[in-house]
Amino acid sequence: MSVNISVKHAFKKFGDNTIIPDLSLEIREGEFLTLLGPSGCGKTTFLRMIAGFTQIDGGDFYFGNNRINDLDPSKRNIGMVFQNYAIFPHLSVRKNVEFGLKNKKLSKDEIEQRTNKFLKLMQIEVLADRMPDKLSGGQQQRVALARALCIQPQVLLMDEPLSNLDAKLRVEMRKVIKNIHQSLGITTVYVTHDQEEAMAISDRIAVMDSGVIQQLGTPKDIYRRPYNLFVSSFIGRSNIIEGHIVIREGVAFVNIGEYEFSLANIQKSHMLEKKVIVCVRPDEFYIERNTGRGIPSIVDDCVFLGQNVHYFMHLEENGFEVEVVEQSALESEVLPGMRVFLGIDQERVNVFTADGSTNILRGVYNDVL
Amino acid sequence: MKKKRKYDGWIIVSIIIFLLFVLFLIYPLLGILKASVIDLKGNFGFNQFVKFFSQAYYIKTIFNSFKVSLAITICTLLIGIPLSYFYSFYNLKGSKFLFVISILCNMSAPFIGAYSWILLLGRSGAITTFFRNKLGIEIGSIYGFDGILLVQSLKLFPLVFIYMNGAFRNIDNTLMEASSNLGCVGIKRFFRVVLKLSMPTILAASLIVFMRAFADFGTPVLIGEGYRTFPVEIYNQYVGDTSTDHNFAAAISVIAIVITALVFFIQKWATSKYDFSLNSLHPIEKKQPKGLSGFLMYAYSYILVIVAFIPQLYVIYLSFRNCDQAVFKEGYSLVNYQLAVSKLLGRSIKNTFLLSFSSLAIIILLAILIAYLVVRRPNIINNSIDTMSMLPYIMPGSVIGIALVMAFDSKPLILTGTMMIMIVSFVIRRMPYVIRSATATLIQIPMSIEEASISLGTSKIKTFFKITVPMMTNGILSGAILSWVSLITELSSSIILYNNKTITLTMSAYVAISRGNYGLACAFSSILTLLTSIALLVYLLISKSEDLKM
């Protein structure tokens, strides 16, 4: 029922601005792929090109073996869920959900049966005869989802559907969407700027910036081994520190000031003495209170958050500000004003070329290459 | 990759509407322009304009119209704003009553007010004779400037009332509280904060009142007597009892259009100086009227509204009195109504309904289509359609009447004397208001709703009819009802275009008045008032908001 999507060299410009210069992407049948990126990166534009609401200025779009560039949006058999739900305010919930079925040649009974099935799936059967202005935000979103799914589309497109909901509801609806996907298996393209949301529901994530996919991979791969500095900074939190590589007896070491750690999994092509950027996530630091092995830092502030403690420090040498997260310990508290030493977890840390464009470590997966 | 232009059915709709506008709007307008500078022999010249401006007799008409319209505008502001203030900021008992009666005062036929005030305060009016005989006091004449001022102020102040209600409703309560906090309360706050915030609305209301007063025919023709205003002058020059000069009438029309356009642009310029936006999260909390000031508030509001409405009630009362031509006699009966039946009452009612409903249907259809073209498909053709649709704003009713007669009096398209030309006139007059209302409604419908429908497999045309139009109709419906009332009481162009076959209730009433058949006129007018009231009741039941756009 579902289908794979193949995009080759998509191009889009508005007036003199080129939004998408050259985008190629293979979306597998039945997968849940998220387009993730900051505002203005082109993710919604690209989604709307797949849907047919934004004109395709260049490139080829395929659903399976069918080229859909010239196909009218109403004929592409897509289900679309919009950010503002776009529920028809003058129709009841039931009439909304069955709306798409009226265009297919189905009998009245079949329509009623299918509508009931999806009302039940989204747990809104009790709301079937209510009017949209009497629904909460979460309920409206369920109606929008039921309506899109009811026509049994081959592709499901969702444009930031959860951004208008409050935090708790967002987490709940995330679970609903993921469950639906697992039971129905429709190829889904999802757009969001919330990276936690992307990580929670996606099979693969395409991180975008300025119309270019920076990295395409599973949430784990993208978080653990980001392809470049942009991806590293966008996903999770990163401290960005300058350092340089020193090679002794065939082993690469990263020097940050006086501190040094070895880099076992560096790519051979990058085994050169050069400046690099070290990206350390707050939990990839460890605080040495006594031994002196580490980057000397002064603690500015500590915030106790229950499970973790967040430290805000600055490096003694250049005043650079870093954020460190540690599990709450019972003894030897670190207090503001103290001088500590920061060690780096060399297994988990990521190191990039000086211009931030490439991760120099092994084990980086980017399906877009 | 070559770009594909989407040629869908809307291009055809654009072209058809464009051509319709050119035929029924631009062509007559050009006809008037032509007639004003080219005389019957075909010579070009500005002698008509010279004739107008060189004789004080004629310049006076424009000057008079200006003077009285300005006075009316100021008067309506002076009486309407306090009423609105009391209504919006205080909990007046019976406020619904005040609201409904105010609208009824405004929506009556143009001449009923003048006519009934004459019956009350004219030379042998009921109140005049009462004062003369019982109290020995001679009330001055109601004819002329004073009469027009009185009648129109009492008819048009509801416009100010409604507009200002809308403005006051938009003032956030916290603005009032902040003002009090900074030491500015009461009357000072009213002038320094409330009025200033409402300036754009005050200007908008002033413009509407001024234009209505300026173009009004029914009141000055009955009560103006020696005080000549230009709509009456146009009518006299075109249809008049003495000599008629069509070219001269055309010239006066052109001058009228220019003046109206000027006022329109001045108002736009003035409004642009007040460029701020209000958003009201906390509506004004109404206070209880207390003590002496409370009593004065009630007195002012009720006296104003009742005085404004009395004329209509008086006309209804008189319709049941025995009457012989211009003299009312003792005793009550239905004789006036019986006379009405013999004087084409049936045909008048039938025509009124037929013309108003068919015009309304055309107007709504055009408004929905044009709103869609302008909001969703802006291009050169549709933008010019939008601009052309605004032209009737600056064309007084009399001018539209003349323009249509001049254009369609001869081959290839003869429409004079038909229902068609009445319908065309009605559509032209009312169309801009409904288009504005439709456009405002459509702008609030997000594109994503239409896209959702398309994504579910519905074609664009089907989406338009099943989704867009139903969503728009709710917004237009209440405006449509008010437009219908406007249409059944239309006078200034009907009087030029009608004939015995196409006569309406309004025209029948007017004819009766001009022939001195007062009882008959009262009967026709009362039926008109009844229809208006029913329509307004329906409107109030349907519409949820008090934001009327008249």
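These numbers were taken from a predicted model, which means no experiment stands behind them.

A. Representation of the overall build of chain B. If you tally the helices and strands in chain B, you get 24 helices and 2 strands. For 550 residues, the compact-globule estimate of 2.2 N^0.38 gives 24 Å, and chain B sits close to it at 25 Å. The buried share of chain B, taken over its 550 residues, is 44%. The long-range share in chain B, meaning contacts at least 24 apart out of those at least 6 apart in sequence, stands at 80%.

B. Just the domain arrangement of chain A, in detail. Residue and element names in this part refer to chain A. Its domain assignment divides chain A into domain 1 (5-230) and domain 2 (231-353). Facing 12 residues of domain 1, the contacting portion of domain 2 comprises 10 residues. In terms of residue class, the side of domain 1 that touches domain 2 is made up of 7 nonpolar, 4 polar and 1 charged.

C. Representation of the environment of E321 of chain A. Residues and elements named next belong to chain A. By secondary structure assignment, the location of E321 is in strand β18 (residues 321-327). E321 gets classed as exposed once you count the C-beta atoms within 10 Å, which come to 11. As for E321 and I241, which are separated by 80 residues in sequence, their C-alpha atoms are 9.5 Å apart. With residues up to four places along the chain from it excluded, the contact list for E321 reads F312 and H314.

D. Spotlight on the sheet that holds strand β1 (residues 5-14) of chain A. Residues and elements named next belong to chain A. A sheet is described by the order of its strands in space; here 4 strands give the open sequence β2-β1-β4-β5, paired in antiparallel fashion. Edge strands, defined here as strands with exactly one partner in the open sheet, are β2 (17-27) and β5 (66-67). Sheet topology note: the β1/β2 ladder contains 7 bridges and is antiparallel. What sits directly across from K13, in β2, is T18. This element, helix α1 (residues 43-51), spans β1, β2 and β4 (58-63) of the sheet and lies at about 120 degrees to β1.

E. Region of the structure containing the nonpolar core. Counting residues in each nonpolar core, the largest one holds 150 residues, and the members touching the most others are A367, I402, V434 and F524 of chain B. Two domains each provide a minimum of three residues to this core, namely domain 1 (47-309) and domain 2 (320-550) of chain B. Among the nonpolar cores identified, the runner-up in size contains 96 residues, and F46, A51, A144 and I213 of chain A belong to it.

F. Broad picture of the pairing of strand β15 (residues 285-288) of chain A. Residues and elements named next belong to chain A. Across the two faces of β15 the burial differs, with F285 and I287 buried and Y286 and E288 not buried at all. Relative to strand β19 (residues 339-344), β15 is paired through 4 bridges, and the arrangement is antiparallel. Across the sheet, residue F285 finds its bridge partner in β19, namely I344.

G. Inspection of the packing of helix α16 (residues 345-376) of chain B against helix α17 (residues 380-389) of chain B at higher detail. All names here are of chain B. In contact at an axis separation of 9 Å, α16 and α17 are set at 130 degrees when each is read in the N-to-C sense. The orientation of α16 relative to α17 falls into the category oblique. Seen along the crossing, α16 lies across α17 with a hand that is left-handed. Residues I370, L373 and V374 of α16 pack against N382, I385, D386 and S389 of α17. Grouping the constituent residues of the contact of α16 with α17 by class yields 4 nonpolar, 2 polar and 1 charged.

Thresholds applied
- Residues numbered from 1 in each chain as written.
- Chains lettered and ligands numbered in written order.
- Predicted model: local features only at pLDDT ≥ 70, side-chain atom pairs only at ≥ 80, totals over all residues.
- Helix = DSSP H or I, 4+ residues; strand = E, 2+ residues; numbered from the N terminus.
- Rg over C-alpha atoms; globule rule 2.2 N^0.38 Å.
- Buried ≥ 20, exposed ≤ 12 C-beta atoms within 10 Å, placed from the backbone.
- Contact = placed C-beta atoms within 7 Å.
- Domains from an automatic or database assignment.
- Nonpolar A, V, L, I, M, F, W, Y, C, P; charged D, E, K, R; others polar.
- Pairing = 2+ DSSP bridges.
- Axes fitted to C-alpha atoms, helices over the stretch in contact; angles between N-to-C directions.
- Core = buried A, V, L, I, M, F, W, Y, C linked by C-beta atoms within 7 Å.
- Parallel < 35°, antiparallel > 145°, perpendicular 65-115°, else oblique.
- Left-handed = near helix turned anticlockwise from the far one by under 90°.

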